[in-house]
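Overview (structure and organization)
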Amino acid sequence: MNPISTVYAPNVHLFAFHVWDILASSSNPLANSPQQALPPTSNPPANSPQTALPPTSNPAIDPEHLWYKCNEILQEKLRVPAEFNDRNLYKNQTNQPKGRRVNLIVKAEVNNRESLPFDKEIQHHNQQISLAGFAQMLRIGDSYALGLNIRVPEKTNGTKTPDVDLSIFQDLNPDNCLLRDSVNSYFGQTLLLTAWLSPEQKQKAEEDSQYLQSLAQKCLKNFISGQDLPEFYREGELFGSPILEYGNPSYPNAGDHILIWFFSSATTGEIWDSRYSDFLDLFLYRNKTIQAYQESRAYYYQIRQEYEKITEDINETFRYLQRDTAPQRQLKGTGLKPEELEYLERKTIEMPPRAVNYARLLMDLEFRQNTIAINAKNYQDKLNQISFDLKARNNYNDSDCDLSFLELFSKETSPQFQEQIKADLGYFTHGSGLLDQATEAIRAIVAIEEAYRNAKLEVTIQAVGFGLGVAGVVAGSSPYLIKQDPPNQIVALPLPFLKVGINSFAFVLLISIGAGVVVWLLVMLGAKFKNL
């Protein structure tokens with residue numbers, strides 16, 4: 001075999017994370033360089049999915065999904081006689097050990113180990129190869145964490161294992177069973193591929209700056225079959241050895257998050273073995289941060305659509321009132337037509353629930369911002385702990401203790417996520433004020449119109465009352481105006497050129513009605529003069 005196309009002791013580590021306490025995990029049971037914070041109107045690249053669903057849209061979550069999926073990988077894909085069951089795993093939440101970080105393995109059932117071991121023999125390119133691995137299940141805070149390792153051991157029965165062809169990675173990931181779409185864990189996952197560099201490969205890397213990236217690309221092509229490869233993101237060093245990262249955290253839907261780490265010194269392997277459990281925590285905080293940001297983008301699009309609808313609805317409401325400009329509105333009152341008043345009254349009923357829903361969406365977006373801040377702090381605290389422990393040993397140099405590759409996420413990526421959400425909140429918070437102001441304006445218009453109509457009704461009632469009162473007075477004064485003896489006599493109307501007689505009772509009735517109408521007209525004319 002070509003020594004340039006082989007690796008020594010390749011490992012695949014799957015770190016997958018799933019929710020076990022949905023109430024604690026959510027407010028509702030919804031490029032080649034780090035992306036700069038986008039303004040609220042900016043969109044991600046066209047090839048980046050934009051439809052991450054908020055937790056309220058997700059299907060029902062099965063807390064036991066992760067160990068069932070692990071059993072499927074072990075038994076159906078890797079075909080090893082190992083599985084999580086009721087004997088070796090604390091499945092029942094009520095029986096699980098107490099604490100924030102708990103190993104769920106029943107040690108007595110796995111020879112007092114921290115994990116479930118397995119091994120098998122395979123035939124690869126006419127070469128007998130031993131595979132080994134382990135599966136570890138933990139509960140960390142509100143999440144389940146799975147650490148699954150599949151590897152070609154460095155030694156077998158005390159003898160160093162031979163280098164293997166890069167195509168071995170196909171056997172470590174049969175049917176892409178370790179990829180995100182297959183595992184489908186709630187908080188996502190991180191895949192770490194490691195291998196030792198041979199002296200020839202180290203020499204080649206010194207001569208060609210692109211060699212390691214080319215080697216990593218070959219590993220990736222063998223590891224993933226029949227699917228697009230995740231985008232190369234960056235490279236650096238960790239614990240003194242080169243590491244390459246694939247998958248942009250700003251666009252997690254664009255592909256898996258995969259790290260390829262080439263061990264070039266014994267120190268790297270030593271530190272990695274001693275800090276393995278810390279990486280479970282680190283990757284959990286990282287994936288929860290990205291999950292929160294992904295959900296925030298879904299809320300962003302939902303809020304933006306609602307904001308546009310609110311703006312259009314408010315504009316449409318006032319355009320509706322101003323559509324008829326020919327007739328001038330009266331100086332007092334709004335002069336609304338009955339259908340216009342009914343339309344506005346309906347709006348005053350529709351807008352408050354809409355404002356509450358909009359405010360709830362903003363709260364959900366702010367919750368994601370807080371989630372990112374909390375997990376970014378946890379991530380950095382864990383890095384500080386690792387750094388302190390390594391430096392305290394006094395047997396590692398500065399390069400071995402350098403965590404800048406990992407710190408980029410907490411010092412640059414996470415703050416960018418928070419700034420993006422802060423910008424979104426600053427922009428869309430005006431929507432709540434806009435709804436409140438529009439509601440108050442519409443209520444004021446309705447109140448003015450109703451007061452105006454009530455005033456007109458009061459004037460009409462007063463005019464009718466005065467008219468009836470005057471008519472009664474006139475009718476009551478009829479005995480003093482018309483001689484009543486004999487009763488019901490014929491009274492001659494005082495009309496020139498016309499002699500007409502009328503019954504005295506009818507004459508009094510006519511006089512009282514006429515007086516009432518005159519008074520009614522005078523009152524209405526007075527009200528009109530005052531523009532009521």
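Let us look at the structure shown here. Everything numeric here is computed off the predicted structure, so don't read it as measured data.

Glancing now at the overall build of the protein. In terms of regular secondary structure, the protein is built from 11 helices and 14 strands. Counting only residues that meet the buried cut, the protein has 48% of its 532 residues in that class. Total accessible area computed for the protein in this model is approximately 26,900 Å², and 54% of it derives from carbon and sulfur atoms.

Per the stated rule, a full pass over the model turns up 16 salt bridges. Asp 281 is paired through a salt bridge with Arg 101; the nearest N and O atoms lie 2.8 Å apart. Within this pair, whereas Asp 281 is found in helix H7 (residues 266-321), its partner Arg 101 is found in strand E2 (residues 101-103), the two being separated by 180 residues in sequence. Take Asp 281: its relative accessible area is 2%, and that puts it in the buried class. For Arg 101, a relative accessible area of 37% translates into the label partly exposed. Measuring nitrogen to oxygen at the nearest pair gives 3.5 Å for the salt bridge that ties Asp 278 to Lys 382.

Reported here for the second largest cavity is a volume of approximately 100 Å³. In terms of lining, the second largest cavity is formed by 14 residues, of which the most central are Arg 234, Glu 245, Arg 286, Tyr 379 and Phe 409. Where the lining of the second largest cavity is concerned, the elements lending two or more residues are strand E10 (232-238), H7 and helix H9 (404-476). In terms of residue count, H9 provides more of the lining of the second largest cavity than any other element does, five residues in total. Residue composition of the lining of the second largest cavity, grouped by class: nine nonpolar, two polar and three charged.

With that settled, the discussion passes to the pairing of E10. For E10 and strand E11 (residues 241-246), the ladder comprises six bridges, and the chain directions are antiparallel. Residue pairing across strands places Phe 232 opposite Tyr 246, the latter belonging to E11. Once E10 ends, the chain turns through two residues before running back antiparallel as E11, passing Phe 239 with a positive phi of about 55°.

Computed from the structure, the second largest pocket encloses a volume of approximately 370 Å³. Taken together, 18 residues form the lining of the second largest pocket, with Asn 11, His 13, Arg 151, Trp 272 and Asp 273 sitting closest to its centre. Mapped onto the lining of the second largest pocket, the elements with two or more residues apiece are strand E1 (6-19), strand E4 (127-140), strand E5 (143-151), strand E9 (189-196) and H7. No other element matches H7, which puts five residues into the lining of the second largest pocket. Within the lining of the second largest pocket, the residues separate by chemical class into eight nonpolar, six polar and four charged.

Among the eight residues that make up E9, eight are buried, leaving the element largely enclosed by the rest of the structure. Across the two faces of E9 the burial is the same, with Gln 189, Leu 191, Leu 193 and Ala 195 and Thr 190, Leu 192, Thr 194 and Trp 196 all buried. Sheet topology note: the E1/E9 ladder contains seven bridges and is antiparallel. Looking at E9, one finds that His 13 is bridged to Leu 192. Of the strand pairs in this sheet, E9 and strand E12 (residues 258-263) are connected by six bridges, and their pairing is parallel.

With that out of the way, let us pick up the packing of aromatic side chains. Enumeration according to the criterion identifies 23 aromatic pairs in this entry. A centroid spacing of 5.5 Å and a plane angle of 80° characterise the contact between Trp 272 and Tyr 276, whose relative ring orientation is edge-to-face. In this pair, Trp 272 and Tyr 276 both sit in helix H7, four residues apart, roughly one turn of the helix. Just as Trp 272 is buried, Tyr 276 falls in that class too. With 5.7 Å between their ring centres and 50° between their planes, Tyr 307 and Tyr 427 make a pair best called tilted. One end of the pair, Tyr 307, is in helix H7; the other, Tyr 427, is in helix H9, with 120 residues separating them in the sequence.

Quick notes on the rules
- Residues numbered from 1 in each chain as written.
- Predicted model: local features only at pLDDT ≥ 70, side-chain atom pairs only at ≥ 80, totals over all residues.
- Heavy atoms only, no water.
- Helix = DSSP H or I, 4+ residues; strand = E, 2+ residues; numbered from the N terminus.
- Buried < 20%, exposed > 50% of the residue type's maximum accessible area, 1.4 Å probe, protein only.
- Areas by Shrake-Rupley, 256 points an atom, 1.4 Å probe, with all protein chains shown as cover.
- Salt bridge = Lys/Arg side-chain N within 4 Å of Asp/Glu carboxyl O.
- 1 Å grid on protein atoms, 1.4 Å probe; cavity = no way out; pocket = protein on both sides within 12 Å on 5 of 7 lines; lining within 4 Å.
- Points joined across faces, edges and corners; volume = space filled by probe spheres on them.
- Nonpolar A, V, L, I, M, F, W, Y, C, P; charged D, E, K, R; others polar.
- Pairing = 2+ DSSP bridges.
- Phe/Tyr/Trp six-rings, centres within 6.5 Å; stacked < 30°, edge-to-face > 60°.

Keep in mind these values describe shape, not function.
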